[in-house]
Amino acid sequence: MTTNVHVSFPGLGFEKGFDVKPVAFEVFGFDIRWYALIICTGIILSFIYFYRHAKLKEQLLEDDILNLTLLAVPIAIVGARFLYVVTNLDNYDGFMDMINIREGGLAIYGAIIFGAATFLVYTKLKHLSTLKFLDAISPAVMLGQVIGRWGNFMNGEAFGEGFGVEKLPWRMVLVNTYENDVGEPYTRTYVTHPTFLYESLWNALGFVIINIIYKKKKFDGQIFLLYVAWYGFGRGFIEILREDSLLVFGQKLMVYLGFITCAAAITAYIVLSKREKKDEVADFLGAKAVASQADDESTEVEDKAEEDVEDDKA
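J.: Before we move on, could you go through the packing of helix 1 (residues 34-57) against helix 2 (residues 62-86) and cite the residues and values that matter?
T.: In contact at an axis separation of 10 Å, helix 1 and helix 2 are set at 150° when each is read in the N-to-C sense. If you check the angle between helix 1 and helix 2, you find them roughly antiparallel. Judged by the twist between their axes, the crossing of helix 1 over helix 2 is right-handed. In this structure, helix 1 uses Ile 43, Phe 47, Phe 50, Tyr 51, Ala 54 and Lys 55 to contact helix 2, whose residues at the interface are Glu 62, Ile 65, Leu 66, Thr 69 and Val 73.

Next up, the structure:
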């Protein structure tokens, strides 16, 4: 476990740097870490944003919004832990060790997958629009990710390597102090990409763009698919730099998962967009047919009236 972090940015003139303490304070002998506080802040602000969009933009019921939040948040946390554990099985001695999240270890893609599955099951059971709920939650999740990545900074993790990092002006130098198995401290120094910052800024840009598009949303599912494509594309490239990536068969899982989900979202977006255009054409033609039929009926009424007038004259 990381016990102390020293951060400096020599390329920007901050050679001395500063210390970052992962532990914020203690409560009854338990360490309360900045990571947990930042993640919880992200969850709370995400809920507020989700609630507002779901109720005002999508006209969804308050009971369903609250029910889904109470279900999805803990299930998403379980999903985040599950994905992390299954990609690091060698690091755990038993079940209790696996569920001990106080020692760290959450994978955001697990939270996204389990959270989306919760939305799907709930809305199907309640006969609600899954895509409307997913549209409402997507920018909220992105906001939470913008905030949550700073928890990685406080822990001195989610850093990157390679691609000439030693020459970058914004390179970050981390000196992490760890404890070994017998509680003895040792340090490691990294010259690294601040990949936590890359992802936070990427999500912040996406958050702005998606909210602009949301104002002119054309079909249900549009915002959700844009979020998945945007996040997957950025995460795929950022993960290439990550030194502490989750590995499966020696490969960086999140690189493949990012690009695959991006491609799947783009494909689904094209399909739904074409379907929406077909529906618009069908609606237009249907409205035109109704108008034409109304005109024909009006003409028939006028002709009948004229005939009645002629008969009266006769």
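J.: Give a description of helix 1 that names residues and reports values.
T.: For helix 1, spanning 24 residues, the distance from its first C-alpha to its last is 34 Å, which sits close to the expected 34 Å at 1.5 Å a residue. Those residues of helix 1 not exposed but buried are Tyr 35, Ile 38, Gly 42, Ser 46, Tyr 49, Phe 50, His 53 and Ala 54. Close packing links the buried residues of helix 1 with strand 4 (30-33), helix 2, helix 4 (108-125), helix 5 (130-155) and helix 6 (195-214). Phi turns positive one or two residues past the end of helix 1, at Gln 59, with a value near 55°.

J.: I'd like a rundown of the pattern of salt bridges, residues and numbers included.
T.: Scanning all chains against the criterion turns up 10 salt bridges. A salt bridge links Arg 149 to Glu 199; its shortest N-O distance comes to 3.2 Å. With Arg 149 in helix 5 and Glu 199 in helix 6, this residue pair connects regions lying 50 residues apart in the sequence. Note on Arg 149: relative accessible area 10%, which makes it buried. Residue class for Glu 199 comes out buried when judged on its relative accessible area of 2%. Across the pair Arg 235 and Glu 199 runs a salt bridge whose closest N-O atoms are separated by 3.8 Å. Remark: Glu 199 occurs in helix 6 and Arg 235 occurs in helix 7 (residues 222-241); sequence separation between them is 36 residues. Across this residue pair, the class does not change: Arg 235 and Glu 199 are buried.

J.: I'd love a proper account of the packing of helix 5 against helix 6, names of residues and values included.
T.: Remark: helix 5 packs on helix 6, axes separated minimally by 9 Å, with the N-to-C direction vectors making an angle of 160°. Classed by the angle they form, the pair helix 5 and helix 6 counts as roughly antiparallel. Judged by the sense of rotation from one axis to the other, the crossing of helix 5 with helix 6 is left-handed. Listed contacts from helix 6 to Asp 135, Ala 136, Pro 139, Met 142, Leu 143, Gln 145, Val 146, Arg 149, Trp 150, Asn 152 and Phe 153 of helix 5 are Phe 196, Leu 197, Glu 199, Ser 200, Asn 203, Ala 204, Gly 206, Phe 207, Ile 210, Asn 211 and Tyr 214. Split by residue class, the contact of helix 5 with helix 6 holds 13 nonpolar, 6 polar and 3 charged.

J.: Run through unusual backbone geometry, naming residues and quoting values.
T.: A positive phi angle, close to 50°, is found at Phe 28, a residue other than glycine. For Phe 28, the position within the fold is in the loop between strand 3 (23-27) and strand 4. Taking relative accessible area as the criterion, Phe 28 reaches 81% and is therefore assigned exposed. A positive phi angle is found at His 127, which is not glycine, with a value near 60°.

J.: Would you mind going over the nonpolar core in detail, with residue names and values included?
T.: Phe 50, Phe 119, Phe 133 and Tyr 227 are the most contacted members of the largest nonpolar core, which has 36 residues in total. Of all the secondary-structure elements, those providing two or more residues to this core are helix 1, helix 2, helix 4, helix 5, helix 6, helix 7 and helix 8 (253-313). If we ignore the near neighbours within four places in the chain, the residues touching Phe 133 are Phe 50, Leu 60, Asp 64, Ile 65, Leu 68, Phe 119, Thr 123 and Leu 128. Val 7, Ile 38, Tyr 178 and Phe 196 belong to the second largest nonpolar core, which has 14 residues in total.

J.: Which residues make up the packing of aromatic side chains, and what values do they have?
T.: Applying the stated criterion across every chain yields a total of 17 aromatic pairs. Taken together, a centroid distance of 5.3 Å and an interplanar angle of 55° make the contact between Tyr 49 and Phe 207 tilted. Here the residue Tyr 49 occupies a position in helix 1, and Phe 207 occupies one in helix 6, the gap between them amounting to 158 residues. For Tyr 49, a relative accessible area of 19% gives the class buried. You can call Phe 207 buried: its relative accessible area is 17%. Look at Phe 237 and Phe 259: their rings are 5.1 Å apart centre to centre, the planes differ by 80°, and that puts the pair in the edge-to-face class. Highlighted residues: Phe 237 in helix 7 and Phe 259 in helix 8, separated in sequence by 22 residues. Using a relative accessible area of 45% as the deciding quantity, one classes Phe 237 as partly exposed.

Quick notes on the rules
Residues numbered from 1 in each chain as written. Predicted model: local features only at pLDDT ≥ 70, side-chain atom pairs only at ≥ 80, totals over all residues. Heavy atoms only, no water. Axes fitted to C-alpha atoms, helices over the stretch in contact; angles between N-to-C directions. Helix = DSSP H or I, 4+ residues; strand = E, 2+ residues; numbered from the N terminus. Parallel < 35°, antiparallel > 145°, perpendicular 65-115°, else oblique. Left-handed = near helix turned anticlockwise from the far one by under 90°. Contact = heavy atoms within 4.5 Å. Expected span 1.5 Å × (residues − 1). Buried < 20%, exposed > 50% of the residue type's maximum accessible area, 1.4 Å probe, protein only. Salt bridge = Lys/Arg side-chain N within 4 Å of Asp/Glu carboxyl O. Nonpolar A, V, L, I, M, F, W, Y, C, P; charged D, E, K, R; others polar. Core = buried A, V, L, I, M, F, W, Y, C linked by side-chain atoms within 4.5 Å. Phe/Tyr/Trp six-rings, centres within 6.5 Å; stacked < 30°, edge-to-face > 60°.

By themselves, these figures tell us nothing about what the structure is for.
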